[in-house]
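Given next are the chains, with one letter for each unit.
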Amino acid sequence: MAEQQGARDAAQAADLLVTVASSLNERLAITADELARSQAMLREASDELMTAFRGAADRIVAAQKVEVDNNQVEKSAEFGVVLDHLYRAVQHLQSHDLVNQLIDAQKLRVDKMREKLGEALTLAAPPVAHPGSAEQWIERSRAMLDCIVAGIRQIDEDTRAPRQDKKQAGSVDLF
């Protein structure tokens with residue numbers, strides 16, 4: 001009787017582990033989707049701002065030429081100051097590339113952890129040959145936990161390793 005109770009407890013613990021892994025995997029899927037949406041919004045906003053700043057700079061350059069032609073050097077100098085501000089704004093706006101790299105790194109972490117959680121859930125799928133035996137439930141739980149821990153270690157190792165998959169020449173290595 002005690003052995004059956006131990007097997008039931010071990011089975012409940014294994015079921016709880018499956019529930020936790022499934023729940024985490026679902027939440028990570030939501031996180032991955034939110035990261036992708038954030039990245040798309042950042043790109044769109046950056047593109048719109050870049051277009052607006054460049055358009056403003058072009059109009060100022062054109063106005064500056066008119067003022068120089070009309071010998072209004074004072075106004076032309078003011079245009080130069082405004083242009084400097086616009087060009088600096090454009091340079092800072094280009095930092096969105098760095099933010100995109102950060103988001104890509106987080107998406108990769110989330111994807112890898114989801115993959116490991118999926119593997120752990122696969123280990124829970126086959127039926128236990130002897131459900132009355134606590135050892136089989138314990139082995140299954142250990143295998144699932146080992147898979148999850150391996151995923152966490154892999155994420156930690158990947159974030160410390162230099163990136164090898166540069167999409168563009170001259171990209172900045174953040175990790």
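Conventions used here
Residues numbered from 1 in each chain as written. Predicted model: local features only at pLDDT ≥ 70, side-chain atom pairs only at ≥ 80, totals over all residues. Heavy atoms only, no water. Salt bridge = Lys/Arg side-chain N within 4 Å of Asp/Glu carboxyl O. Helix = DSSP H or I, 4+ residues; strand = E, 2+ residues; numbered from the N terminus. Buried < 20%, exposed > 50% of the residue type's maximum accessible area, 1.4 Å probe, protein only. Contact = heavy atoms within 4.5 Å. Core = buried A, V, L, I, M, F, W, Y, C linked by side-chain atoms within 4.5 Å. pLDDT = per-residue confidence, 0-100. Expected span 1.5 Å × (residues − 1). Patch = residues over 30% accessible without salt bridge, like charges linked within 9 Å, V, L, I, M, F, W, Y side chains within 5 Å. Areas by Shrake-Rupley, 256 points an atom, 1.4 Å probe, with all protein chains shown as cover.

**Q** Please explain the pattern of salt bridges as it appears in this structure.
**A** A side chain of one charge can pair with a side chain of the opposite charge if their charged atoms are brought near each other. Inspection of every chain in the model, using the stated rule, returns 3 salt bridges. Here Asp-104 makes a salt bridge to Lys-107, at a shortest N to O gap of 3.8 Å. Placement of the pair is Asp-104 and Lys-107 together in helix α3 (residues 96–123), with a separation of 3 residues, close to one helical turn.

**Q** Would you take a moment to explain the side chain of Asn-100 for this structure?
**A** Among the secondary structure elements, Asn-100 is positioned in helix α3. A residue is classified by how much of its surface remains accessible, and Asn-100, at 6% relative accessible area, is buried. Beyond its immediate chain neighbours, meaning those up to four positions away, Asn-100 contacts Gln-39, Leu-42 and Arg-43.

**Q** Would you take a moment to explain the nonpolar core for this structure?
**A** A general tendency of soluble globular proteins is for nonpolar side chains to be buried together. Counting 15 residues, the largest nonpolar core has Leu-28, Val-110, Met-113, Leu-117, Ala-120, Met-144 and Ile-148 as the members making the most contacts within it. Counting only elements with at least two residues in this core, the list comes to α1 (2–69), α3 and α4 (134–160). If sequence neighbours within four positions are ignored, Ile-148 has contacts with Ala-21, Met-113, Leu-117 and Ala-120. By size, the runner-up hydrophobic cluster in this structure holds 7 residues, among which are Ala-7, Val-128, Ala-134 and Trp-137.

**Q** Sorry, what's going on with the confidence of the model for the protein chain here?
**A** Looking at the protein chain as a whole, its pLDDT mean stands at 82, while 85% of the residues score no less than 70. Of all the helices and strands in the protein chain, helix α2 (residues 73–93) carries the lowest mean pLDDT, 78, while α3 carries the highest, 91. Note on residues 168–175: pLDDT is under 50 here. Beyond four places in sequence and across chains, it has 18 contacts.

**Q** Just checking my understanding: could you explain α3 for this structure?
**A** The terminal C-alpha atoms of α3, which comprises 28 residues, lie 40 Å apart, in line with the 40 Å expected from a rise of 1.5 Å per residue. For α3, the complete set of buried residues consists of His-96, Asn-100, Gln-101, Ile-103, Ala-105, Val-110, Met-113, Lys-116, Leu-117 and Ala-120.

**Q** Where do I start with a nonpolar patch on the surface in this structure?
**A** A cluster of nonpolar side chains, namely Leu-16, Val-20 and Leu-24, defines an oily patch on the protein surface of about 270 Å² accessible area. Position of Leu-16 among the secondary structure elements: in helix α1. You can call Leu-16 exposed: its relative accessible area is 56%.

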